[in-house]
Number of protein chains: 2
Amino acid sequence: MQKAKARTLSGFMELLPQKQIIFNQMKDKIISVFKLNGLAPMDTPVLEYSDVLLAKAGGETEKQIYQFNKGSTDLCMRFDLTVPFAKYVSLYQNELTFPFRRYQVGKVFRGERAQKGRFREFYQCDIDIIDNEKLSLHSDAECIDILSQVYDALEQPILIKVNNRKIINGLLENFKLTEKTTEILILLDKKSKLDKELFLAEFNKITPMASEIIEILNSDTPQKLAEFNITNKTFLQGISEIQTIFKILQLLEVKNEIIFDLFTIRGLAYYTGTVFEAFLKNIPEQSSVSGGGRYDNLTESFSNKGFYGVGISIGLTRLFDLLDKNNLLEFSKTTTTTLALIPLTNIQELTNHCYGLSKQLKNNGINTEVLYFEKTFKNKLNYANKKKIPFIIVVGDDEIQNGSYSLKNMETGETVNTSLQGLIELLGGKA
Amino acid sequence: MQKAKARTLSGFMELLPQKQIIFNQMKDKIISVFKLNGLAPMDTPVLEYSDVLLAKAGGETEKQIYQFNKGSTDLCMRFDLTVPFAKYVSLYQNELTFPFRRYQVGKVFRGERAQKGRFREFYQCDIDIIDNEKLSLHSDAECIDILSQVYDALEQPILIKVNNRKIINGLLENFKLTEKTTEILILLDKKSKLDKELFLAEFNKITPMASEIIEILNSDTPQKLAEFNITNKTFLQGISEIQTIFKILQLLEVKNEIIFDLFTIRGLAYYTGTVFEAFLKNIPEQSSVSGGGRYDNLTESFSNKGFYGVGISIGLTRLFDLLDKNNLLEFSKTTTTTLALIPLTNIQELTNHCYGLSKQLKNNGINTEVLYFEKTFKNKLNYANKKKIPFIIVVGDDEIQNGSYSLKNMETGETVNTSLQGLIELLGGKA
């Protein structure tokens, strides 16, 4: 038989159990925060009709997409969770209750050039709050609060930069630069990657008012911004909205630092009001690890009826990779989900007892493994050590007669003798 | 702008929140059982090199596969979790500890013809226990036990049929029918779909010893089978193995009914010893909903070094669909993860208080939603009713002054007045 070479595609994360356990814990923590805030789960297919996914996609997106035919059907693998969400809302709008609050955690696929820190398959963790009529600004604040809660749960402090697109749009209206919006947004979006003088030079190429605009954009509070006495309505509405959101965020006692930053643009995507991005405080030089914002007309590719929404997107795979590479994850503990290992001996009576014990521990919610492999006790200890199983329970004749067990802590080497009830308590059982 | 028609591919399950919540609960329960038994998590990519996935695939499998080129790379979407597992073990064998015990829950893809109860995208929940030397029969028993625990957790009683391929292989050696193994296995595998006489007629076409073999295969205990005094070694080893496994299953006090059934074949796949299949007792006419068995040489497509293993596969999407169609799922409860809804009024002081309250409830693990949409109180009640949110908490001036809240049970209509501590207790908070 000819052998294939076992290998994994580059740009596709594949972890050993020790890291996979931590990855899954992060995923579970994120989902717990979403549920704690009363969001409904969604799970759309990985594959969709190409015309559905590409209805709104531009050139760059389309190049990255995994698109192919099966029979006569033109298919795409999803490249985000937003377009499938728009499809879902269009399709089931009569069966959903609005405001509709959802979360979705799933893999998305982008066949882009492999480069450092970029993945072709990655988990996105999205939430959206949408309504078929005007959506309260409380929703914007709630999304920022939930984003902050997520990073609290992950024990990673963040800095959240908040902006409102209406401010920059109004400003460009005021300076009669509306036609140059795209150019200017692209430049602002990459400001952090340019040095100060290059940024100014590039801006000057677009408009002679560059310095003046930059001075305005340097305002670090809505109050300072208001002092420029610009009377454009969109501009003023942007300021008013962001002030309202900051007030609500205060009520919500958000733990992470939140600042007002007029250079936060969040790409050229569909955002129309609030935009925000999160930065890891422990890795300050990195670009944003998650963000979101407000959009109008979610379903415009599918129908004339619009939906107003605000959402968050967290790129979990990239976040995990970043934290891992910066040694911000704790991997020391174990490579299995087993908490307690019970090694069997060859004596039938003891075997019976061990199985009974494992059953009782499992009934009390304690992750338990019986090690029945025909190996020496030393080999068994070795297995426990290699897998970093936290506890071993030794069952011998003495133990059965006395109704007591030896519980060995594999990290400290300490052994205690205790009853079944004692085991359950020491191992943190639910009973 | 031209509109696309919002639609989902047929054969791809997409659920409304009310059903998605139940689906996810089932998935979570299965994963909990896997963890309780100390299995390590795995998560391999959806996409792999085609030569990796197809190294062992036969004609029928290949036709179903989503295969395509991206640039010059020939890619496949995974059609099961076993081939990626074999790749994973080949690739990381020096970093894994054996016996290696894993679980994986993920979507797999088969572009087969759409037909009732068949999905093109579906979740598989797999476990495997493998070793690089001979694997104890305890592992076979453990897999059957874990399968039983899964259905206990799902509160769906099952019948588990257990067989051992060595018995039928030895029997065919004994009758000098080895060359007809494939034909006979295919026939046995579809016995339940044929009427008795047709089955016999088909068997007679293959061999004149059909009746004699059927009489032997009708043995419903290993003891009865032994009485035929067949001395073929493989046959006797099969009986001995199954007797050992039944003994261990007794020790494990498996709750579901387990029977010995020589017609359980589990297709033509790679099984070499124990095979088993589970049938829902509440839907007896259905074919099996999960199963598994023992295999040798997991990694033979990739290397000469073999791995011995035994595993389970549960087709969660099909299982959910079956239970749903047979009204065996309880959907009445809610369409959100929200347990308690706090409607805001327009009074600032109350708003502050409501946000504080929601924070305290969330800190106690209670899924809470603040309803801040500018609607009448009647509209807010309506929202809670449509989403089937179990509880509403009313916060008014009186409530703030007395430090007491009105908790309305939306199902019974009952209202109680209670303190913050009372709310936490009534809503099952973790504190």
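Residues numbered from 1 in each chain as written. Chains lettered and ligands numbered in written order. Predicted model: local features only at pLDDT ≥ 70, side-chain atom pairs only at ≥ 80, totals over all residues.

(A) Up close: the overall build of chain A. The secondary structure content of chain A amounts to 16 helices and 16 strands. Reported as C-alpha extents along the three principal axes, the dimensions of chain A are approximately 90 × 55 × 50 Å. Within chain A, residue pairs in contact and separated by at least 24 positions form 68% of the contacts whose partners lie at least 6 positions apart. (Helix = DSSP H or I, 4+ residues; strand = E, 2+ residues; numbered from the N terminus. Contact = placed C-beta atoms within 7 Å.)

(B) Looking closely at the confidence of the model for chain A. Across chain A, the average pLDDT comes to 91, with 97% of residues at or above 70. As scored by the predictor, the complex reaches a pTM of 0.94 and an ipTM of 0.94. (pLDDT = per-residue confidence, 0-100.)

(C) Quick look at the interface of chain A and chain B. Contacts between the two partners involve 73 residues from chain A and, on the opposite side, 73 residues from chain B. By residue number, the principal contributor to the side of chain A that touches chain B is helix α1 (residues 17–36) of chain A, which donates six residues. Here the side of chain A that touches chain B is built from residues that sort into 32 nonpolar, 21 polar and 20 charged. (Nonpolar A, V, L, I, M, F, W, Y, C, P; charged D, E, K, R; others polar.)

(D) Quick peek at the environment of glutamate 14 of chain B. Take glutamate 14 of chain B: it is sitting in the segment before α1 (17–36). Under the C-beta neighbour-count criterion, glutamate 14 of chain B is labelled partly exposed, with 18 such atoms within 10 Å. Residues glutamate 14 of chain B and phenylalanine 100 of chain B lie 86 residues apart in sequence; the distance between their C-alpha atoms is 34 Å. Once residues lying within four places of it in the same chain are set aside, the contact partners of glutamate 14 of chain B are Thr44 and Pro45 of chain A together with Thr8 of chain B. (Buried ≥ 20, exposed ≤ 12 C-beta atoms within 10 Å, placed from the backbone.)

(E) Structural view of the environment of lysine 388 of chain B. Among the secondary structure elements, lysine 388 of chain B is positioned in the loop between α14 (377–386) and β14 (391–394). On a C-alpha basis, the gap between lysine 388 of chain B and asparagine 164 of chain B in space is 49 Å, while along the polypeptide they are 224 residues apart.

(F) Region of the structure containing the domain arrangement of chain A. For chain A, the assigned domains read domain 1 (11–140 + 296–332), domain 2 (157–281) and domain 3 (340–426). Of note, the centres of domain 1 of chain A and domain 3 of chain A, computed from C-alpha atoms alone, are 43 Å apart. (Domains from an automatic or database assignment.)

(G) Local environment of the relation of the copies chain A and chain B. The transformation that overlays chain A on chain B combines an axial shift of 0.0 Å with a rotation of 180°, and the residual RMSD is 0.0 Å. The relationship between the two copies is best expressed as a two-fold rotation axis. In terms of proximity to the rotation axis, the leading residue of chain A is phenylalanine 68 of chain A, whose C-alpha is 3.1 Å off the axis. When you check the interface residues of chain A against chain B, 100% turn up at the interface there too, and the contact is symmetric in its surfaces. (Least-squares fit on C-alpha atoms with pLDDT ≥ 70 in both.)

(H) Just the packing of α1 of chain B against helix α5 (residues 137–153) of chain B, in detail. All names here are of chain B. Contact geometry of α1 with α5 gives a least axis separation of 9 Å together with a crossing angle of 140°. For the pair α1 and α5, the sense of crossing is right-handed. Contacts between α1 and α5 involve Lys29, Ile30, Ser32 and Val33 from the first element and Ile146, Gln149, Val150 and Ala153 from the second. Of the residues assigned to the contact of α1 with α5, the class counts are five nonpolar, two polar and one charged. (Axes fitted to C-alpha atoms, helices over the stretch in contact; angles between N-to-C directions. Left-handed = near helix turned anticlockwise from the far one by under 90°.)

(I) Expanded view of the sheet that holds strand β13 (residues 368–371) of chain B. All names here are of chain B. Across the sheet, which stays open at both edges, the five strands sit in the order β13-β12-β14-β15-β16 with mixed pairing between neighbours. The open sheet has two edge strands, β13 and β16 (415–418), and neither has a second partner. Going across the sheet, the axis of each strand differs from the next one's by a mean of 25°, ignoring polarity. As paired strands, strand β15 (residues 405–409) and β16 are joined by four bridges and run antiparallel to one another. Directly across from lysine 408, in β16, lies its bridge partner threonine 415. Most of the contacts of α14 go to strand β12 (residues 340–343), to which it runs at about 165°, and overall it touches β12, β13 and β14. (Pairing = 2+ DSSP bridges.)

(J) Inspection of the pairing of strand β7 (residues 158–164) of chain B at higher detail. All names here are of chain B. Taken across its seven residues, β7 has six buried, putting it largely inside the fold. Here β7 pairs with strand β9 (residues 271–280) via seven bridges, running antiparallel. Directly across from asparagine 164, in β9, lies its bridge partner threonine 274.

(K) Representation of the sheet that holds strand β3 (residues 67–70) of chain A in the model. Residue and element names in this part refer to chain A. Read from one edge of the open sheet, three strands run β2-β4-β3, paired in antiparallel fashion. Only two strands of the sheet have a single neighbouring strand rather than two, namely β2 (47–49) and β3. Taken over all neighbouring pairs, the strand axes of this sheet differ in orientation by 40° on average, direction set aside.

(L) Quick peek at the pairing of strand β13 (residues 368–371) of chain A. Residue and element names in this part refer to chain A. Every second residue of β13 is oriented toward a common face, with Thr368 and Val370 on one face and Glu369 and Leu371 on the other, all of them buried. Judged from the four bridges that link them, strand β12 (residues 340–343) and β13 form a sheet pairing that is parallel. Looking at β13, one finds that alanine 340 is bridged to threonine 368. Each parallel crossover has a hand, and the one from β12 via helix α13 (residues 348–363) to β13 is right-handed. (Right-handed = clockwise from strand over helix to strand, strands pointing away.)

(M) A look at the nonpolar core. Membership of the largest hydrophobic core comes to 234 residues, with the highest contact counts inside it found for Ile30 and Ile342 of chain A together with Ile30 and Ile342 of chain B. Per-element accounting of this core gives the leading share, eight residues, to α5 of chain B. Setting aside anything within four residues of it in sequence, one finds isoleucine 342 of chain A in contact with Cys354, Leu357, Ser358, Thr368, Val370, Leu371, Ile393 and Val395 of chain A. (Core = buried A, V, L, I, M, F, W, Y, C linked by C-beta atoms within 7 Å.)

(N) Seen up close, helix α11 (residues 233–251) of chain A. Residues and elements named next belong to chain A. Look at α11: 27 Å from first C-alpha to last across 19 residues, which is about the 27 Å you get at 1.5 Å a residue. Taken together, the buried positions of α11 are Phe235, Gly238, Ile239, Glu241, Ile242, Ile245 and Ile248. On the buried face of α11, the contacting elements are α5 (138–153), β7 (158–164), α6 (165–174), α10 (222–226), β8 (257–260) and β9 (271–280). Within two residues after α11, glutamate 253 carries a phi angle of roughly 50°, on the positive side. (Expected span 1.5 Å × (residues − 1).)

(O) View of the environment of glutamate 62 of chain B. If you trace the backbone, glutamate 62 of chain B turns up in helix α3 (residues 59–64). Taking the C-alpha atoms as reference points, glutamate 62 of chain B and arginine 110 of chain B, separated by 48 residues in sequence, lie 9.4 Å from one another.

(P) Highlighting unusual backbone geometry. The omega torsion of the bond from phenylalanine 98 of chain A to proline 99 of chain A falls at -5°, within 30 degrees of zero and hence cis. Even without a glycine there, the phi angle at glutamate 253 of chain B is positive, about 50°. Inspection of the secondary structure assignment puts glutamate 253 of chain B in the loop between α11 (233–251) and β8 (257–260).

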